[in-house]
Amino acid sequence: MTAPVHQPLNARGKLASSLPAEQLAEITELFALRRTGYSLDAPFYTDSTIFKIDMEAIFGQHWIFAASTAELPEPGDYVTVDYGPYSLIVLRNDDGGVNVLHNVCRHRGARVLTEPTGSTGNLVCGYHSWTYSPSGDLIHASAPGETKFDKSCFGLKRAHGREVAGLIFVCIADEPPTDFDETSKIFEPYLAPHDLSKTKIAYQQNIIEEGNWKLVMENNRECYHCDGHPELACSLFPTWGLTEGLIPAHLEEVWDRNKQAQSSLEERCRRYGLPYEVVEELDTRIAGIRISRESLDGEGESFSPDGRRLSKKLLGDLPDFRLGRCSMHLQPNSWFHFLGDHVITFGVFPINEHQSLVRTTWLVADDAEEGVDYDLEKLTYTWKQTNLQDKAFVELCQQGAGSPAYQPGPYMKSEYQVEAFINWYVQRVQEHLA
């Protein structure tokens with residue numbers, strides 16, 4: 001459902017147009033000279049001006065994954081989402097949709113809501129008690145009679161919100177990219193059987209990584225480093241991203257097992273009418289996406305040491321636990337795993353040019369009972385460990401990008417999705433700077 005938008009917020013190219021011509025020309029050339037198939041030059045990961053352009057051209061223009069339906073199930077429930085200089089309130093309204101409001105009081109600019117999650121009726125700024133309705137209208141300001149004061153001119157600024165298949169997206173651009181509608185049509189049939197509207201949060205983890213947001217995303221887009229994930233490698237085939245002819249000798253047996261498991265999974269999907277085909281348009285559409293259903297090792301049910309289910313409750317209308325994982329990547333800030341017994345969402349929220357918040361949320365069936373249907377420690381173990389390992393990898397790269405000795409290096413063939421992410425990013429920024 002789309003929230004009404006009454007006030008345009010930002011202008012395209014505001015920062016870029018304010019930069020000195022020489023600096024803008026230098027940055028534009030840096031993007032133009034980007035070498036295909038190689039990692040980016042150091043300033044893309046370390047320069048504060050490029051970070052501000054990223055916030056304007058990427059996070060200021062495109063649909064950003066913000067939360068799941070399970071995070072605000074009832075009217076009045078909200079989450080606050082912070083990235084770069086922005087803070088947004090995503091609030092469930094009485095009509096069942098979501099309102100997206102800038103978390104900036106129209107009096108003196110104070111944060112209106114200071115908690116990451118909660119439930120509220122009206123929104124009251126803690127500074128001078130300016131009070132807003134859930135839709136952002138200013139309904140009370142103390143002693144307004146001291147000056148000519150039209151409350152209708154001082155509502156909270158609004159942004160766009162979309163809720164698709166249990167995922168909530170926000171966009172602060174005046175005119176959001178319209179091809180998100182087409183991307184939604186791609187992923188909705190894959191996600192619908194998991195029915196996220198009937199899930200609840202089992203656990204949510206926030207990690208601050210000392211790394212640029214692009215390094216976080218790059219790390220996620222390849223499995224070349226998966227030897228560094230021993231817990232994940234119990235269930236996720238470490239051959240992910242490889243193709244015939246690229247299999248190292250020590251993974252040949254795993255590759256054969258993966259092919260057999262994938263063949264069995266696809267047969268079950270056809271029997272149940274579940275989509276499983278790979279759709280990969282990471283840099284060939286504005287709302288870039290990759291989605292597929294892929295087999296897991298062992299019992300093929302979940303991210304556990306033996307591949308067995310981690311929650312006894314099946315999600316939604318799924319007929320079988322043994323459905324591997326439906327994996328989805330969305331540009332620019334999210335990835336997801338949809339399994340038979342639980343769902344894991346990942347959102348990346350840039351803080352500055354060298355820090356990023358990575359938010360991981362585990363969802364289980366809303367009638368699943370902790371200690372009875374699932375053990376929280378076992379449910380979260382694999383990805384808690386994997387997230388810490390990924391944090392270390394990202395931080396190693398950030399340290400390297402800050403060294404005078406750093407030079408962009410070539411992506412391997414198995415890292416083609418990293419190249420696609422970078423290509424998408426460069427295209428979007430160049431369009432913005434043009």
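**Student:** Sorry, what's going on with the packing of helix H6 (residues 213–220) against helix H8 (residues 376–401) here?
**Tutor:** To describe two helices that pack against each other, one gives the angle between their axes and the distance between the axes. Relative to each other, H6 and H8 sit at 125°, their axes nearing to 9 Å. What the angle tells us is that H6 and H8 run oblique. With respect to the hand of their crossing, H6 and H8 are arranged in right-handed fashion. Along the contact surface, H6 presents Leu215, Val216 and Asn219, while H8 presents Asp390, Phe393, Val394, Cys397 and Gln398. Residue composition of the contact of H6 with H8, grouped by class: 5 nonpolar, 2 polar and 1 charged.

**Student:** Looking at this structure, I do not really get the sheet that holds strand E2 (residues 77–83). What am I missing?
**Tutor:** Hydrogen bonds between backbone groups are what pair the strands of a sheet, and the pairing can be parallel or antiparallel. Spatially, E1-E10-E9-E4-E3-E2-E5 is the arrangement adopted by the 7 strands of the open sheet, whose pairing is antiparallel. The sheet is open, and its two borders are formed by strand E1 (64–68) and strand E5 (117–119), each paired with just one other strand. Along the sheet, successive strands turn relative to each other by an average axial angle of 30°, direction set aside. Here 5 bridges tie strand E3 (residues 86–92) to strand E4 (residues 98–102), and the two strands are oriented antiparallel to one another. In the strand pairing of E4, Val90 is matched with Val100. Of the strands in this sheet, strand E9 (158–164) and strand E10 (167–171) touch helix H5 (residues 180–191), which is tilted by about 35° from E9.

**Student:** Explanation requested: the pairing of strand E14 (residues 325–330) in the structure shown.
**Tutor:** Counting buried residues in E14 gives 6 out of 6 residues, a clear majority hidden from the surface. Along E14, one buried face is formed by Arg325, Ser327 and His329 and the opposite face, lined by Cys326, Met328 and Leu330, is buried too. Here 6 bridges tie strand E13 (residues 289–294) to E14, and the two strands are oriented antiparallel to one another. Each residue of the ladder has a partner; that of Arg290, found in E14, is His329. Pairing analysis gives 5 bridges linking E14 to strand E15 (residues 334–338), with the strands arranged antiparallel. Each residue of the ladder has a partner; that of His329, found in E15, is Trp335. Here E14 folds back onto E15 in antiparallel fashion, the turn holding 3 residues.

**Student:** Any chance you could explain the state of the cysteines here in plain terms?
**Tutor:** By definition, a disulfide links the sulfur atoms of two cysteine residues through a covalent bond. For the structure on display, the rule yields 1 disulfide. Residue pairing for Cys223: its cysteine sulfur links by disulfide to Cys226, the two sulfurs lying 1.9 Å apart. Looking down the S-S bond of the Cys223 and Cys226 bridge, the torsion is -110°, so its handedness is left-handed. Both residues of the pair, Cys223 and Cys226, belong to the buried class. Its sulfur unpaired, Cys125 is 3.9 Å from the next cysteine sulfur, which belongs to Cys105. Here Cys269 stays free of any disulfide, with the sulfur of Cys326 as its closest cysteine sulfur at 9.1 Å.

**Student:** When you look at the pattern of salt bridges in this model, what are you seeing that I'm missing?
**Tutor:** Pairing is possible between side chains that carry opposite charge, provided their charged atoms lie close to one another. Enumeration according to the criterion identifies 22 salt bridges in this entry. In this structure, Arg290 engages Glu294 in a salt bridge whose closest nitrogen and oxygen atoms are separated by 3.3 Å. With relative accessibility at 11%, the residue Glu294 sits in the buried group. With a shortest N-O distance of 3.8 Å, Asp367 and Lys313 are connected by a salt bridge. Of the two residues, Asp367 is situated in the loop between strand E17 (355–365) and H8 and Lys313 in the loop between E13 and E14; the sequence distance between them amounts to 54 residues. A single salt-bridge network, built from bridges that share partners, covers Glu280, Arg290, Glu294 and Arg325.

About the thresholds
- Sequence order as written defines residue numbering, which begins from 1 separately in each chain.
- Reporting of local features is limited, given that this is a predicted model, to residues whose pLDDT is at least 70; pairs of side-chain atoms are given and counted only at 80 or more, and all residues count toward the totals for whole chains, interfaces and linings.
- For the side-chain quantities, the full set of heavy atoms in the structure was used; hydrogens and water were omitted.
- Every angle, taken between N-to-C directions, lies between 0 and 180 degrees, and every axis is a line fitted to C-alpha atoms, over only the stretch in contact when it is a helix.
- Only DSSP runs of H or I with at least four residues qualify as helices, and only runs of E with at least two residues qualify as strands; both kinds are numbered from the N terminus onward.
- Angle categories: roughly parallel below 35 degrees, roughly antiparallel above 145, roughly perpendicular from 65 to 115, and oblique for all the rest.
- Each crossing gets its handedness from the near helix: less than a right angle anticlockwise from the far helix is left-handed, clockwise is right-handed.
- Residues count as neighbours in contact if any of their non-hydrogen atoms are within 4.5 Å of one another.
- We call Asp, Glu, Lys and Arg charged. Ala, Val, Leu, Ile, Met, Phe, Trp, Tyr, Cys and Pro are nonpolar, and the rest, Gly among them, are polar.
- Strand pairing is assigned whenever DSSP identifies at least 2 bridges connecting the two strands.
- For each residue, the accessible area found with a 1.4 Å probe, counting protein chains only, is set against the maximum for its type, and the residue is called buried under 20%, exposed over 50%, and partly exposed in between.
- Throughout, disulfides are identified as pairs of cysteine sulfur atoms within 2.5 Å of each other.
- Salt bridges are defined as contacts in which a side-chain nitrogen from Lys or Arg sits within 4 Å of a carboxyl oxygen from Asp or Glu.

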